[in-house]
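In case you want the letters, here they are:
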Amino acid sequence: MKRFCRILSLCLVAALILGTLCVGGSAASVRHYDTYTMLGDSIPAGYGLDTYPGENGNVLDGTRVAGSYPDLVASAVSSDTYYSLARCGTRSVELRCLLDPSYPGDEYSDLMLQSLTGISSADLIAQRPQFEEGVTNADLITINIGSNDTLTYALIRLGVYMEKLSDSSILGPISEQLNGLGSLGKLAGSILSTAESLGVAPLVLAEMADALNDGQEMFKENWDAIITRIRELNPDATIVAVGMYNPFRDLKLTDSSLISIGKMADTTVRQMNRYIRFESDCSGEYLVAEVPDT
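The paragraphs below set out a description of the structure included in this document. (Residues numbered from 1 in each chain as written. Predicted model: local features only at pLDDT ≥ 70, side-chain atom pairs only at ≥ 80, totals over all residues. Heavy atoms only, no water.)

## Considering the overall build of the protein
So, step 1. When helices and strands are counted, the protein shows 11 helices and 5 strands.
So, step 2. A buried classification covers 53% of the 294 residues belonging to the protein.
So, step 3. Restricting to contacts in the protein with at least 6 residues of sequence separation, those with at least 24 account for 77%.
So, step 4. As displayed, the protein has an accessible area near 12,400 Å², and 51% of this comes from carbon and sulfur atoms. (Helix = DSSP H or I, 4+ residues; strand = E, 2+ residues; numbered from the N terminus. Buried < 20%, exposed > 50% of the residue type's maximum accessible area, 1.4 Å probe, protein only. Contact = heavy atoms within 4.5 Å. Areas by Shrake-Rupley, 256 points an atom, 1.4 Å probe, with all protein chains shown as cover.)

Spelled out as structure tokens, the structure:
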């Protein structure tokens, strides 16, 4: 049932994107695009589908995953050439690094990527020519980035923070659980339960709130830089910005706790979506497909 719901969600995302590309308001008149490029993280890469490559390993080969929403979009717009440039574990930080050689990234890139896919930021950056080529040649570009700037980034930050508080190895187990994105919700609960047992839950919650805020501000800066760089490489392509959703909005500190860390993340996601649609200085450069409840 969960697998069906994931596939249905991907179909709904594709439908929303195609709705922005219809000519004359008719779904039967979706415009043809010769070359389609998709940018983003594991969601557009097809995570959760049976055909998703390397769920417990590296996702670097840019495979077109059957049933993923970019696959559905590419078929609907009859693209002759398809660039699959979504990579597991990437934030706006890493995507900006891939498009802008002058941007150094931040101190968490290696830890994020190693925890999620077992690669280094250098491995990812080695693909910069492929990303630049895909953007330069595209007639249609979809970009779906930012989910890892929220709770995923916050959990990595919490691991680093808790190691300083407890003088014990927290990052090892966190990396093991994050690898392949097996269960982010369970991991969050595990970290916060550990914090509660150590008597540092208030400090950890404060650090999480700070990390979510930092991730949001970092995303805003990177989003404008990414769109600006895409336009430098390709002034003419149609760009569709795909919004984010928060699958962890009901996640609590413990089952009986009134503290909802999912709601904390939900606020961040809503603000980031608002930024994409209304507040970005680059908002006139792209169309928007919002999927907050997908």
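Don't stop here, the text continues.
## Observations concerning the nonpolar core
So, step 1. Within the largest apolar cluster, 32 residues are counted, with the highest numbers of intra-cluster contacts made by Leu39, Ile143, Trp223, Ile230 and Tyr286.
So, step 2. Where this core is concerned, the elements lending two or more residues are β2 (81-86), α3 (92-99), α6 (128-137), β3 (140-144), α10 (201-233), β4 (238-242) and α11 (261-279).
So, step 3. When residues in this core are grouped by element, the largest group, 6 residues, is from α10.
So, step 4. Every residue in contact with Trp223, bar those within four places of it in the chain, is listed here: Ile143, Ile145, Ala241, Tyr275, Ile276, Ser280 and Tyr286.
So, step 5. By size, the runner-up hydrophobic cluster in this structure holds 26 residues, among which are Cys97, Met162, Ile191 and Ala265. (Core = buried A, V, L, I, M, F, W, Y, C linked by side-chain atoms within 4.5 Å.)

## A closer look at the pattern of salt bridges
So, step 1. For the structure on display, the rule yields 14 salt bridges.
So, step 2. Between Asp214 and Arg157 there is a salt bridge, and its shortest N-O distance comes to 3.1 Å. One end of the pair, Asp214, is in helix α10; the other, Arg157, is in helix α7 (residues 151-166), with 57 residues separating them in the sequence.
So, step 3. Of the residues examined, Asp214 reaches a relative accessible area of 28% and is grouped as partly exposed.
So, step 4. Among the residues examined, Arg157 registers a relative accessible area of 7% and is labelled buried.
So, step 5. Ionic pairing is found between Arg274 and Glu279, a salt bridge with its closest N-O pair at 3.1 Å.
So, step 6. Given a relative accessible area of 48%, Arg274 falls into the partly exposed group.
So, step 7. Note on Glu279: relative accessible area 38%, which makes it partly exposed.
So, step 8. Here the salt bridges share partners, and the residues they tie into one network are Arg157, Glu207, Asp210 and Asp214. (Salt bridge = Lys/Arg side-chain N within 4 Å of Asp/Glu carboxyl O.)

## Observations concerning the packing of α3 against α6
The description of two helices packed together rests on the angle between their axes and the distance between the axes.
So, step 1. Running from amino to carboxyl end, α3 crosses α6 at an angle of 80°, the nearest separation of the two axes being 8 Å. One finds that α3 runs roughly perpendicular with respect to α6. Listed contacts from α6 to Leu95, Cys97, Leu98 and Leu99 of α3 are Arg128, Phe131, Glu132 and Val135.
So, step 2. Of the residues that constitute the contact of α3 with α6, the class distribution is 6 nonpolar, no polar and 2 charged. (Axes fitted to C-alpha atoms, helices over the stretch in contact; angles between N-to-C directions. Parallel < 35°, antiparallel > 145°, perpendicular 65-115°, else oblique. Nonpolar A, V, L, I, M, F, W, Y, C, P; charged D, E, K, R; others polar.)

## Points about the side chain of Glu94
So, step 1. Positionally, Glu94 belongs in helix α3.
So, step 2. Within the structure, Glu94 has its side chain in polar contact with the side chain of Arg91 (distance 2.7 Å). (Polar contact = N/O pair within 3.5 Å; in protein donor to acceptor, adjacent residues only side chain to side chain.)

## Things to note about unusual backbone geometry
So, step 1. In this structure, Ser78 takes a positive phi of about 55° despite not being glycine.
So, step 2. For Ser78, the location among the structural elements is in the loop between α2 (69-76) and β2.

## Let's talk about the packing of aromatic side chains
For any pair of aromatic rings, the description consists of the separation of the ring centres together with the inter-plane angle of the planes.
So, step 1. Under the counting rule described, the total for this entry stands at 4 aromatic pairs.
So, step 2. Consider the rings of Tyr108 and Tyr153, whose centres lie 5.6 Å apart with planes at 85°: the pair is edge-to-face. Here the residue Tyr108 occupies a position in the loop between α3 and α4 (109-117), and Tyr153 occupies one in helix α7, the gap between them amounting to 45 residues.
So, step 3. A relative accessible area of 12% means that Tyr108 is categorised as buried.
So, step 4. Tyr153 gets classed as buried once you look at its relative accessible area, which sits at 4%.
So, step 5. For the ring pair Trp223 and Tyr286, a centre distance of 5.6 Å and an interplane angle of 85° mean the geometry is edge-to-face. On the criterion of sequence distance, the pair formed by Trp223 in helix α10 and Tyr286 in the loop between α11 and β5 (287-289) is long-range, its members being 63 residues apart. Take Trp223 and Tyr286: they sit in the same class, and that class is buried. (Phe/Tyr/Trp six-rings, centres within 6.5 Å; stacked < 30°, edge-to-face > 60°.)

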